[in-house]
Amino acid sequence: YTLTDVSRHFVSGSRGRKTTVHALDGISLSIAKGSSTGIVGESGSGKSTLARLLGALDAPSSGQVLFHGQDLTRMSKQDMRAFRRKVQFVFQDPTSSLDPRYTVEDTLREALHTHGVTDPAQVARRFTELSDQVRLPKSLFGRYPRELSGGQRQRVAIARALAPRPEVLIADEPVSSLDVSIQAQVMDVFRDLSANDGLTLVMVSHDLALIRDVCDNLVTLYNGTVMESSQAAAYYEQPMHPYSSALLHSMPNPRHIGRLPDVLALGEPADPTSPPPGCRFHPRCPRAQDLCREQIPALTAMPDRVLACHFPLTVPAVTAEVGER
Ligand code: SF4
Ligand code: MG
């Protein structure tokens with residue numbers, strides 16, 4: 001994927017009282033084939049809107065979303081059909097995305113049929129593969145969604161998404177509707193999938209701790225703009241963007257104690273109907289100076305990340321690592 005200056009605005013209200021929600025503004029980034037990319041940020045930062053644009057469930061107000069060089073808004077019907085097979089979604093709530101009248105087997109068989117796999121022997125083989133991939137025993141394939149736990153239901157939704165052997169899997173907060181105690185188990189499925197070089201995984205999450213072992217790249221959004229786009233290891237080891245550092249600090253049991261306070265302590269996110277001038281994070285940023293209020297920081301490339309900040313943290317935001325020297 002290559003995104004160039006992508007914006008998505010939603011206009012609401014009636015004549016005379018129109019408001020424009022700047023869900024995304026000027027997003028430029030690329031997502032490499034086979035990578036696993038986390039889209040992170042607080043709620044309302046534009047993460048889901050971005051995911052929907054990547055899946056062509058929505059179109060940008062301006063700018064371009066290219067997939068293998070093809071503009072998603074200019075695809076032929078035939079190319080779009082192929083795209084719909086290649087790019088699959090897993091949504092937050094498996095209960096609403098599964099048909100209550102279908103057993104697991106029905107759901108998966110239909111997904112396979114839709115994509116041309118009808119030979120019974122082949123279907124049976126795919127059932128076994130999918131069962132292994134999402135770690136859902138085949139003994140549960142005769143059950144209806146209501147007879148499954150939330151975690152099992154989400155595994156069915158993941159298996160259905162994997163049925164057509166997609167090239168891209170987009171998961172939007174795939175475990176946030178689940179019990180905290182089983183979130184990690186379902187994330188293990190995604191971790192295994194992320195190790196598969198043939199699959200590009202895009203995961204929307206507000207939880208940096210949960211995706212730590214899954215994503216090798218992170219795109220940090222704030223108020224509809226990219227704050228940072230980085231290799232995950234660098235991001236966790238040495239946050240350089242003040243917003244990223246604050247987000248990391250809000251992780252439970254952060255291994256690194258950021259020098260900046262928890263993002264939640266910095267006040268409310270900006271109003272998307274009237275984004276602040278300059279750096280959008282400036283009203284909450286402890287490092288903000290006059291320049292930040294006046295000038296939008298350009299995305300600047302570094303060896304392991306791309307940053308939009310006038311005054312990045314240059315010293316590692318680590319104060320102590322017990323047991324290490
Ligand atoms: Fe903070 Fe300024 Fe950097 Fe924005 S540009 S994150 S306000 S230091
Ligand atoms: Mg969301």
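Our subject is the structure listed above.
Only a predicted model underlies this, so the values are computations on that prediction, with no experimental measurement involved. (Residues numbered from 1 in each chain as written. Chains lettered and ligands numbered in written order. Predicted model: local features only at pLDDT ≥ 70, side-chain atom pairs only at ≥ 80, totals over all residues.)

### Quick look at unusual backbone geometry
Residues other than glycine seldom take positive phi values, yet His68 does so here, at roughly 50°. Backbone geometry places Arg135, a non-glycine residue, at a positive phi of 55°. Among the structural elements, Arg135 can be located in the loop between helix 5 (120–134) and helix 6 (150–162). Judged by the 16 C-beta atoms lying within 10 Å of it, Arg135 is partly exposed. (Helix = DSSP H or I, 4+ residues; strand = E, 2+ residues; numbered from the N terminus. Buried ≥ 20, exposed ≤ 12 C-beta atoms within 10 Å, placed from the backbone.)

### Regarding the sheet that holds strand 2 (residues 19–30)
A sheet is described by the order of its strands in space; here four strands give the open sequence 2-1-4-5, paired in antiparallel fashion. Edge strands, defined here as strands with exactly one partner in the open sheet, are strand 2 and strand 5 (70–71). Here two bridges tie strand 4 (residues 62–67) to strand 5, and the two strands are oriented antiparallel to one another. Bridge pairing in strand 5 links Leu66 to Asp71. Here helix 1 (residues 47–54) sits on the sheet and contacts strand 1 (2–12), strand 2 and strand 4; the angle it forms with strand 2, its principal contact strand, is near 60°. (Pairing = 2+ DSSP bridges. Contact = placed C-beta atoms within 7 Å. Axes fitted to C-alpha atoms, helices over the stretch in contact; angles between N-to-C directions.)

### Focus: the site of ligand 1
Looking at ligand 1, there are 13 residues lining it, with Cys279, His282, Cys285, Cys292 and Cys309 nearest. Among the residues forming the shell around ligand 1, the class breakdown is ten nonpolar, two polar and one charged. (Near = placed C-beta within 6 Å. Nonpolar A, V, L, I, M, F, W, Y, C, P; charged D, E, K, R; others polar.)

### A few points about the sheet that holds strand 7 (residues 168–172)
Spatially, 6-7-8-3-9-10-12-11 is the arrangement adopted by the eight strands of the open sheet, whose pairing is mixed. Either end of the sheet is taken by a strand with one partner, and the two such strands are strand 6 (87–90) and strand 11 (299–301). Averaged over neighbouring strand pairs, the angle between their axes works out to 20° when direction is ignored. As paired strands, strand 7 and strand 8 (residues 200–205) are joined by five bridges and run parallel to one another. Note on strand 8: the bridge partner recorded for Ala171 is Met203.

### Concerning the nonpolar core
Ranked by size, the top nonpolar core spans 74 residues in total, and within it Ala159, Ile170, Val202 and Met203 carry the most contacts. Counting residues per element, this core draws most heavily on helix 6, which supplies six residues. For Ile170, the residues in contact, after removing those within four places along its chain, are Ala51, Leu54, Gly55, Val87, Phe89 and Val202. (Core = buried A, V, L, I, M, F, W, Y, C linked by C-beta atoms within 7 Å.)

### Quick look at helix 5
Taking 1.5 Å of rise per residue, 15 residues should cover 21 Å, and helix 5 covers 21 Å from first to last C-alpha, within 8% of that figure. Buried residues along helix 5 sit in contact with helix 4 (104–114), helix 6 and helix 7 (180–194). Once helix 5 finishes, Arg135 follows within two positions and takes phi at roughly 55°, a positive value. (Expected span 1.5 Å × (residues − 1).)

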